[in-house]
Every structure is written in C-alpha cells, then in structure tokens.
Amino acid sequence: MKRESWLGAGLALFACVIQQPACAVTPTRDFEVAGAPVGHAKPDAAIAKALATISATEIEHTIRSLVAFHTRNTLSSIEKDLPPGQGINAAADWIEAEFKRYSAECGGCLEVKRDTYTAEPQNRIPKPTPITNVYAILRGSSPAQAKRMYLVTGHYDSRNSDTLDARGEAPGANDDASGVAVSLACARALSRLKPAATLVFVAVAGEEQNLNGSRHLAQLAKSQGWQLEGVLDNDIVGGNTTPGDELQDKSVVRVFSEGIPAIATAEQARRADSLGYSSDSPSRELARAVADVGATYGGGFRPVLEFRRDRFLRGGDHSSFNEEGFAAVRFTEWREDYNHQHQNPRTENGVEYGDLLKFVDFGYVAQVARINAAALAVLASAPPPPKHPRLITTTLDNNTTLEWDADASQPGAQYEVLWRELTAPQWQRFVAVTGTRVVVPVSKDNVIFSVRSVDASGHRSLMVVPEPQLPQR
Ligand SMILES: [Zn+2]
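What this report covers is the structure whose coordinates are included nearby. (Residues numbered from 1 in each chain as written. Predicted model: local features only at pLDDT ≥ 70, side-chain atom pairs only at ≥ 80, totals over all residues. Heavy atoms only, no water.)

A closer look at the environment of E111
At step 1: Among the structural elements, E111 can be located in strand β2 (residues 110-119).
At step 2: Separated by 27 residues in the primary sequence, E111 and L138 place their C-alpha atoms 6.7 Å from one another.
At step 3: Sequence-distant contacts of E111, that is, excluding residues within four places in its chain, are made with Y135, A136, I137 and R139.
At step 4: Polar side-chain contacts of E111 include one of 2.8 Å to the side chain of R139. (Helix = DSSP H or I, 4+ residues; strand = E, 2+ residues; numbered from the N terminus. Contact = heavy atoms within 4.5 Å. Polar contact = N/O pair within 3.5 Å; in protein donor to acceptor, adjacent residues only side chain to side chain.)

Structure follows, in structure tokens:
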C-alpha cells in the first residue's frame, strides 16, 4: 500500500474512533457495493389526488351506518321478525346501495354484484343459511391488462359473545365495519382513476362463521379463473381507542403475511427452505410491496411487516384466499382490545365491554384506507410482474446471472433486479435493467434476488423471486 493510502486509512480509523458508536465503515462486500440503495418511488400525482379524497367523515358515515343495524350476525339472515332496519340483510342492501351511489358518481364505472348462496349446516351454522357477499368491480382500462386483478375486502358480519346469537346487539364497529369502510373508501376514491388492471372492492359475510363468505368468494375466483394477483384483507383496523391505553400506536398498521404458502406441498416447503425462500411467498412479496407503497404515499403513516400468517388464536379472510393459492395479506391495528371484540355490550365491575362506535378512530381508519388504495392503484397501474425469472446456475460463480421472459404486451419494458441479505426483511439494493438478462457482480449464495417491472411514473409491480435453473438458450 502506498504511503498516502496508509495515511488515509489511519485518518479514517481515527474518525471512526471519535465517532463511536455511529462509525461509518466503508462497505466492501459485493452485495453492499454493487447497485444502488432501494429508495421509495416518487408519487404519481393522480393517485395522490385520489387518496386525498378519502376522509374521516366518509369513514365515519360507513361505520356509523353499519353499527345502526343493531346486529349483522350472519345467522340473522333467516330471522323473519326482526324490527325494520335490523339484521344482516338490511346491511347488505345498504352496502349495495353505497356501491351503486359511487358508481353513479363516476358515470356507471362500477359493476355492482350481489352473490347469495346457501350455507348448509356446519360448525357455527346450525340451519341452512343464506349468505351474501357484495362487491363492485372497476374493470381495467387496458385490454391487455384487464384480466389481472387486485382485490380489497372486509367482513360486514358481526358477532357478540355468542357467535350463534342472531338477534342480540352486535355493533361490530371495529370488527369489522372498519374493514368494510376501507373497502368502500377504496371503491369511491379509485373510481376516479383508470388503472390498467381490474380492481374488486368487497364486503363479505360469514367471517365469524369460520370464514364462510370469503371461502365461497375465493373458490368462485379459483373456479372462474380470476387472475387475482393480490388480496388485501382489512379486519379490525379501527385504531381502537380505550381510555388509559397508552400502548396503542396510531402511526402504524400491521400487515400479516404467510411465509410458506398454505397450499405448498411438503416437497415445495422443503425446497423453499433449501433455497432460503421461506420468507418469499407471493403473499410476503405483496406485503413488501404494501410497505414500499406506504413509504411513498403514507405521509409518515407506516405499514409494519408481520412475518406470520395471522395473530395467535385468530383467523381471517386472507386465509381463505391463501388456501386457494392466491397472494393475500391481512391489515390489523397495532394493538387490539379484547374487551371491545366479540363481547355483549355491557359494563361489568366498571369495565365497558362491546365493539362500540366510540372506540373507533375514524382518522386512523382513513389512513389505513389510503395505504390500501395506494397499493391497489400502484399495483394495478404498474406493468405486469416479470414472467418466469430464472437464476442461472450452470457453473460455480461469484457473479449472478438472471433471466426472465420478454413480455410482448410491454415492448421496451423496464425492470429492476433487487437483492437483500439472507437475514434482512426488506430489499436493500437494486440495479435497473432494460432487456431480460443481467449479470450482477454479487454472489447468489449470500443474498435473495427478486425482479420487478417498473414504469416511468413510479409504478412498481410485485417482486418475483427467480427459480434456479440452467440457461434456456
Ligand atoms: Zn373480524
């Protein structure tokens, strides 16, 4: 080493010593030298404008209206003598009317659907019971991309302490009128846009009856061949406000995602583990994309990645979609209050129980709705995810060669190859690529790679991890 280099190294070491503990060590390892740090995309002005229309007032209107039905227990659909304006059938009518109102505002841009089927007796459903899912479809504006779909859902059924109580008060303000409010707010805000891919805005019933409504919808999607690329399920996103609880965090929302897909065979699970891909299911890449979009459009409000299918002892509608092989994640507030879920409204020993309107923070729900709407808008506006990315493993090599198929519907498409250390939760660095092949001077042994499609407006597709394989040419 030359004398100047020794001097430079000595000065750097001195600076390092006096700056402890925040000492910046010059990166030298391949994965931290190559490429550039992954930053968040610049916002698309049209999307930002649509998000700004989502208001706490509109959220409150939805939740207050749903709570007013006294109960939305799924089993109330067969109660013949409920007082007028009570029960789940009245709630379904109201949701359908809301979708139709939004559609009228955008010149009929939404197709409003009501899907009623009869659930035969089973656990939590003692008699044959009609169950109704209500949803609205915003067809993609691009003929080439309209088959691609993203879906947002919440469940409009509610329950109290007894999930079989079809008549007692069950306000379900947080669980899950809040999630329905997100779905409806997304429908209204995004009906102002014309994304290339199709969006579906859903309110399902039967969640408290073992995810019955969402299972029906997920099976329908599978049987009809819906090209569903991502499902956002919002359940308990009310930002529960309990006097005296100082541990609620209103600046974040949790996003739960499965690691190994629910439908993976034992062999596929073993292979994912062997490749280091046990945290790279399509659902997890969807969660990462939500976090990425949140950094651009969240305004400081932040999705927190929870690398777990769901919370302990609980389930949700995203699992119905996972079970049919679709990527799906669940949004839930940071900290739940179990006195305000699945409880008969009452006061006992000075403690107030019940899922009441007054514990919901409408401004918080609006923030969650904006993150959902941003994710839907960006993913549906982005070019399709890269097709069949491959990691070429012909020889032992400290560089990495990646290839993917050209997309005839996207001539001149732009891509990004991203990577992260094996222990890192999020993508760290990337290179931009034009074409469908790249050699990155980073050893594939020490990082996970993925590929995504991007456009000039800052729309980024879902990331796809490459399959290791021999070259095809
Ligand atoms: Zn719920």
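Observations concerning the coordination of the zinc ion
At step 1: The protein atoms that coordinate the zinc ion are H155 (NE2), D175 (OD), D235 (OD) and D235 (OD), at distances spanning 2.0 to 2.6 Å.
At step 2: Between the 4 donor atoms coordinating the zinc ion, the angles at the centre fall across 54 to 146 degrees, so the site counts as irregular.
At step 3: The sequence pattern describing where the donors of the zinc ion fall on their chain is H-x19-D-x59-D. You can see D175 sitting in helix α6 (residues 173-190) and its partner D235 sitting in the loop between β6 (227-234) and β7 (252-256), a full 60 residues away along the chain. The two residues D175 and D235 agree in class, both being buried. (Donors = N, O, S within 2.8 Å, 3.2 Å for Na, K, Ca; no water. Tetrahedral: all angles 85-135°; square planar, octahedral: opposite > 155°, others 65-115°. Buried < 20%, exposed > 50% of the residue type's maximum accessible area, 1.4 Å probe, protein only.)

Side note on the packing of aromatic side chains
At step 1: The final tally for this structure, using the stated rule, is 6 aromatic pairs.
At step 2: With a centroid separation of 6.4 Å and an interplanar angle of 65 degrees, the aromatic rings of Y135 and W226 are classed as edge-to-face. Within this pair, whereas Y135 is found in strand β3 (residues 129-138), its partner W226 is found in the loop between α7 (212-223) and β6, the two being separated by 91 residues in sequence. Grouping residues by exposure puts Y135 and W226 together as buried.
At step 3: Seen from their ring centres, W404 and Y415 are 5.2 Å apart, and the 65 degrees between their planes marks the pair as edge-to-face. On the criterion of sequence distance, the pair formed by W404 in strand β13 (residues 400-405) and Y415 in strand β14 (residues 414-421) is long-range, its members being 11 residues apart. (Phe/Tyr/Trp six-rings, centres within 6.5 Å; stacked < 30°, edge-to-face > 60°.)

A closer look at the sheet that holds strand β4 (residues 148-155)
Strand pairing in a sheet relies on backbone hydrogen bonds. The paired strands run either parallel or antiparallel.
At step 1: Read from one edge to the other, the open sheet built from 8 strands follows the order β2-β3-β5-β4-β6-β9-β7-β8, with strand pairing classed as mixed. One side of each edge strand has no neighbouring strand; the edge strands of this open sheet are β2 and β8 (302-306). Neighbour-to-neighbour, the strand axes of this sheet turn through a mean angle of 25 degrees, independent of strand direction.
At step 2: Bridge analysis of β7 against strand β9 (residues 328-332) gives 3 bridges, and the strand direction is antiparallel. Bridge assignment links V255 to a residue of β9, and that residue is F331.
At step 3: Sheet contacts for α6: β3, β4, β5 (198-204) and β6; angle to β4, the most-contacted strand, approximately 145 degrees. (Pairing = 2+ DSSP bridges. Axes fitted to C-alpha atoms, helices over the stretch in contact; angles between N-to-C directions.)

Here's the deal with the pairing of strand β12 (residues 387-392)
At step 1: Bridging between β12 and β13 involves 4 bridges; their strand directions are antiparallel. Considered in β13, the bridge of L391 is made with L402.
At step 2: Note that β12 and strand β18 (residues 467-469) share 3 bridges and pair parallel. Looking at the pairing, R390 lines up with E467 of β18.

Things to note about α6
At step 1: For α6, which comprises 18 residues, the first-to-last C-alpha distance of 24 Å matches the rise-based estimate of 26 Å (1.5 Å per residue) to within 8%.
At step 2: Counted residue by residue, α6 has 17 buried out of 18 residues, so it is predominantly covered. (Expected span 1.5 Å × (residues − 1).)

Concerning the packing of α6 against helix α11 (residues 362-381)
At step 1: Taken N-terminus to C-terminus, the directions of α6 and α11 make an angle of 50 degrees; their axes are 9 Å apart at the nearest point. With respect to α11, the axis of α6 lies oblique. Considering how the two elements wind past one another, α6 and α11 form a crossing that is right-handed. Touching S178, A181, V182, A185, C186 and L190 of α6 are V365, V368, A369, N372, A373, L376 and A377, all from α11.
At step 2: By residue class, the composition of the contact of α6 with α11 is 11 nonpolar, 2 polar and no charged. (Parallel < 35°, antiparallel > 145°, perpendicular 65-115°, else oblique. Left-handed = near helix turned anticlockwise from the far one by under 90°. Nonpolar A, V, L, I, M, F, W, Y, C, P; charged D, E, K, R; others polar.)

Describing the state of the cysteines
At step 1: A full pass over the atoms with the stated rule returns 1 disulfide.
At step 2: Two residues, C106 and C109, share a disulfide whose sulfurs are 2.0 Å apart. Where C106 bonds to C109 through sulfur, the torsion about that S-S bond is close to -85 degrees, and the disulfide is left-handed.
At step 3: Overall, the relative accessible area of 23% leaves C109 in the partly exposed class. (Disulfide = S-S within 2.5 Å.)

What about the nonpolar core?
At step 1: In terms of nonpolar packing, the biggest core is built from 103 residues, with I63, I95, F201, F331 and V417 touching the most fellow members.
At step 2: The element best represented in this core is α11, accounting for 15 residues.
At step 3: Once residues lying within four places of it in the same chain are set aside, the contact partners of F201 are F99, L110, V134, Y135, A136, L138, V152, S183, C186, A187, L190 and L376.
At step 4: Among the nonpolar cores identified, the runner-up in size contains 17 residues, and Y135, L217, F321 and F326 belong to it. (Core = buried A, V, L, I, M, F, W, Y, C linked by side-chain atoms within 4.5 Å.)

With respect to the pattern of salt bridges
At step 1: Overall, the coordinates contain 36 salt bridges when judged by the stated rule.
At step 2: Across the salt bridge formed by R64 and E60, the nearest N and O atoms sit 2.7 Å from each other. Taken as a pair, R64 and E60 lie in helix α4 (residues 56-67) at a separation of 4 residues, close to a single helical turn.
At step 3: Judged by its relative accessible area of 45%, R64 is partly exposed.
At step 4: Relative accessible area serves as the criterion here: at 25%, E60 is assigned to the partly exposed category.
At step 5: Of the charged contacts in the structure, one is a salt bridge between R148 and E229, with a shortest N-O distance of 2.9 Å. (Salt bridge = Lys/Arg side-chain N within 4 Å of Asp/Glu carboxyl O.)

Describing the side chain of S214
At step 1: Looking at the element boundaries, S214 is found in helix α7.
At step 2: When near neighbours in sequence (up to four residues on either side) are disregarded, S214 contacts V204, A205, D317, S320 and F321.

Comments concerning helix α9 (residues 282-297)
Residue pairs spaced three or four apart in an α-helix point in one direction, given the helix's 3.6 residues per turn.
At step 1: Spanning 16 residues, α9 covers 22 Å between terminal C-alpha atoms, matching the ideal 22 Å at 1.5 Å per step.
At step 2: Most of α9 is tucked away: 14 of the 16 residues are buried.
At step 3: Directly after α9, the chain includes G299, whose backbone phi takes a positive value near 60 degrees.

Fair warning: the whole summary comes from geometry, so function is off the table for now.
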